[in-house]
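The primary structure of each chain is shown beneath.
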Amino acid sequence: SHFRSGVPPFSLISDPAAPNQPFVIGVTGGTASGKTTVCDMIIQQLHDHRIVLVNQDSFYRGLTSEELAHVQEYNFDHPDAFDTEQLLHCIDTLKSGQPYQVPIYDFKTHQRKADAFRQVNACDVIILEGILVFHDSRVRDLMNMKIFVDTDADVRLARRIRRDTVERGRDVDSVLEQYAKFVKPAFDDFVLPSKKYADVIIPRGGDNHVAVDLIVQHIHTKLGQHDLCKIYPNVFVIESTFQI
Ligand code: ADP
Ligand code: C5P
């Protein structure tokens, strides 16, 4: 490899604000694709850093009593099911180094806990995970790295049936009905089209250890640059200009 002629190996610019902000990773994919599993694997390998996981699920709107009465008609896979303004406020707050009280959502009652929150503190890395985190361009624009977890639909449906009957208080018939009526159409309309925004696509989700290792290496490199900036706050490396 050679340096581009006349250009030093690193471009140095002065921007004291940006490098102290947390590194934001977005992780999306269909229901039960292994998003949470992949995030947990990344978090385990990045134990040296302060890292928090924010789930888009936490920002589901609680259902009104009328919506609850017809819950089989409610589309939990449509972007309107989430309070995206509040999610934006959460990530903005964390990026500015302030703590945030994340709501706690209950999949059995379809409600948020009335007076309990999860306090999330300042951190080096924020992972934002959910089926529709790439849908809104304002949320996407907060991300430094975007990952799409790509797992076959039959594998996802099988996992979803098991999870929703064991953990979310559903019966098999209601899971299958909801899947056909809302989950699959919304995947085709909203989730799959957001794949084009991904920097990295992980086939097979949490089974793909090579992909997770590569992602963790990349984050280490990026955080190393952040650490350099903390030592030399007026100068930081924005781009290596090595050519292959
Ligand atoms: P998501 O966050 O995309 O909904 P999860 O990571 O929570 O997906 O996984 C959904 C379900 O599938 C969970 O019950 C989880 O234990 C299971 N699961 C996830 N990845 C695997 C895997 N590689 N092998 C077997 N089961 C898995
Ligand atoms: O964890 P996962 O990404 O699968 O969570 C998103 C799924 O949760 C959506 O596909 C939605 O259908 C489902 N959901 C539900 N009941 C709720 C809220 C979300 O079945 N009350």
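Think of each chain on its own: its residues are numbered from 1, step by step along the sequence as written. Chains carry letters from A onward and ligands carry numbers from 1 onward, assigned in written order. In keeping with the model being predicted, local features are shown solely for residues with a pLDDT of at least 70 and side-chain atom pairs are shown and tallied solely at 80 or more, while totals for entire chains, interfaces and linings include all residues. Excluding hydrogens and water, the side-chain figures rest on all heavy atoms present in the structure.

Remarks on the overall build of the protein
- Comment: elements are numbered from the N terminus, with helices defined as DSSP H or I runs of at least four residues and strands as E runs of at least two. Looking only at helices and strands, the protein has seven helices and 11 strands in total.
- Contacts: residue pairs with any heavy atoms within 4.5 Å of one another. Expressed as a percentage of contacts within the protein between residues at least 6 apart in sequence, the contacts between residues at least 24 apart total 78%.
- As presented, the protein carries roughly 13,000 Å² of accessible surface, and 52% of it is formed by carbon and sulfur atoms. Working definition of accessibility: Shrake-Rupley area with a 1.4 Å probe, residue cover restricted to the visible protein chains.

Some points on the site of ligand 1
- When at least one non-hydrogen atom of a residue lies within 4 Å of a molecule or strand, that residue is treated as near it. Near ligand 1 the following residues occur: Gly-30, Ala-32, Ser-33, Gly-34, Lys-35, Thr-36, Thr-37, Glu-129, Arg-159, Arg-163 and Asp-207.
- Contacts described as polar in this section are N or O atom pairs within 3.5 Å, which, within protein, must combine one atom able to donate a hydrogen with one able to accept it, while residues neighboring in sequence count only if both atoms come from side chains. Between an oxygen atom of ligand 1 and a main-chain N or O atom of Ala-32, the distance comes to 3.1 Å.
- At 3.1 Å, a backbone N or O of Ser-33 approaches an oxygen atom of ligand 1.
- In isolation ligand 1 offers 550 Å² of accessible surface; the protein chains occlude 68% of this area.
- Those elements giving two or more residues to the shell around ligand 1 turn out to be helix 1 (35-45) and helix 5 (153-166).
- Broken down by element, the shell around ligand 1 gets its largest block of residues, three residues, from helix 1.
- Counted by class, the shell around ligand 1 contains one nonpolar, five polar and five charged residues. Amino acids outside the nonpolar list (Ala, Val, Leu, Ile, Met, Phe, Trp, Tyr, Cys, Pro) and the charged list (Asp, Glu, Lys, Arg) are all regarded as polar, and Gly is one of them.

A look at the pairing of strand 6 (residues 111-120)
- Here strand 5 (residues 100-106) pairs with strand 6 via six bridges, running antiparallel. Bridging from a neighbouring strand, Val-102 pairs with Arg-118 of strand 6.
- Taking the residues between adjacent antiparallel strands as the criterion, strand 5 and strand 6 are bridged by four residues, where His-110 takes a positive phi near 60°. When DSSP finds two or more bridges between two strands, those strands count as paired.

Some points on the site of ligand 2
- Neighbouring ligand 2 are 17 residues; Thr-31, Asp-77, Tyr-105, His-110 and Arg-160 lie closest to it.
- At 2.4 Å from an oxygen atom of ligand 2 is found a side-chain nitrogen or oxygen belonging to Asp-77.
- Within the side chain of Tyr-105, an N or O atom sits 2.8 Å from a nitrogen atom of ligand 2.
- Burial of ligand 2 by the protein chains amounts to 98% of its free accessible area of 470 Å².
- For the shell around ligand 2, the secondary-structure elements that each account for two or more residues are helix 5 and helix 6 (172-191).
- Of the residues contributing to the shell around ligand 2, the split by class is seven nonpolar, three polar and seven charged.

Points about the nonpolar core
- The nonpolar core is taken to be a set of buried Ala, Val, Leu, Ile, Met, Phe, Trp, Tyr and Cys residues, with the residues joined through side-chain atoms within 4.5 Å. Burial classes: relative accessible area under 20% of the type maximum marks a residue as buried, over 50% as exposed, and values in between as partly exposed (1.4 Å probe, protein chains only). If you look at the biggest cluster of nonpolar residues, it comprises 33 residues, and the most contacted ones within it are Val-54, Cys-90, Ile-91, Ile-126 and Leu-128.
- Contributions of two or more residues to this core are made by strand 4 (51-55), helix 3 (84-95), strand 5, strand 7 (125-129) and helix 6.
- Here Leu-128 is in contact with Ile-25, Gly-26, Val-27, Val-54, Gln-56, Leu-87, Ile-91, Val-133, Val-139 and Met-143, once residues within four sequence places are set aside.
- By size, the runner-up hydrophobic cluster in this structure holds 22 residues, among which are Cys-39, Ile-51, Ile-147 and Ala-211.

What to know about the environment of Thr-31
- Relative to the assigned elements, Thr-31 resides in the loop between strand 3 (23-29) and helix 1.
- On a C-alpha basis, the gap between Thr-31 and Arg-159 in space is 9.0 Å, while along the polypeptide they are 128 residues apart.
- Those residues within four positions of Thr-31 in sequence are excluded, and the remaining contacts are Ile-131, Arg-156, Arg-160, Arg-163, Tyr-179 and Val-183.

Considerations on the packing of aromatic side chains
- Here a Phe, Tyr or Trp ring, Trp counted by its six-membered ring, pairs with any other such ring whose centre lies within 6.5 Å, and the pair is stacked when the planes are under 30 degrees apart, edge-to-face when over 60, and tilted otherwise. Enumeration according to the criterion identifies six aromatic pairs in this entry.
- Taking 4.2 Å as the distance between ring centres and 25° as the angle between the ring planes, the aromatic pair formed by Tyr-60 and Phe-82 counts as stacked. With a gap of 22 residues between them, Tyr-60 in the loop between strand 4 and helix 2 (65-69) and Phe-82 in the loop between helix 2 and helix 3 connect regions that are remote in the sequence. Just as Tyr-60 is buried, Phe-82 falls in that class too.
- A network of ring pairs unites the aromatic residues Tyr-60, Tyr-74, Phe-76, Phe-82, Tyr-105 and Phe-107 as a single cluster.
- Two conditions define a charge located above a ring, namely a distance within 6 Å from the ring centre to NZ of Lys or CZ of Arg, and an angle within 35 degrees of the ring normal. For Arg-140, the ring lying beneath its charged end belongs to Tyr-197, and the centroid distance is 3.6 Å.

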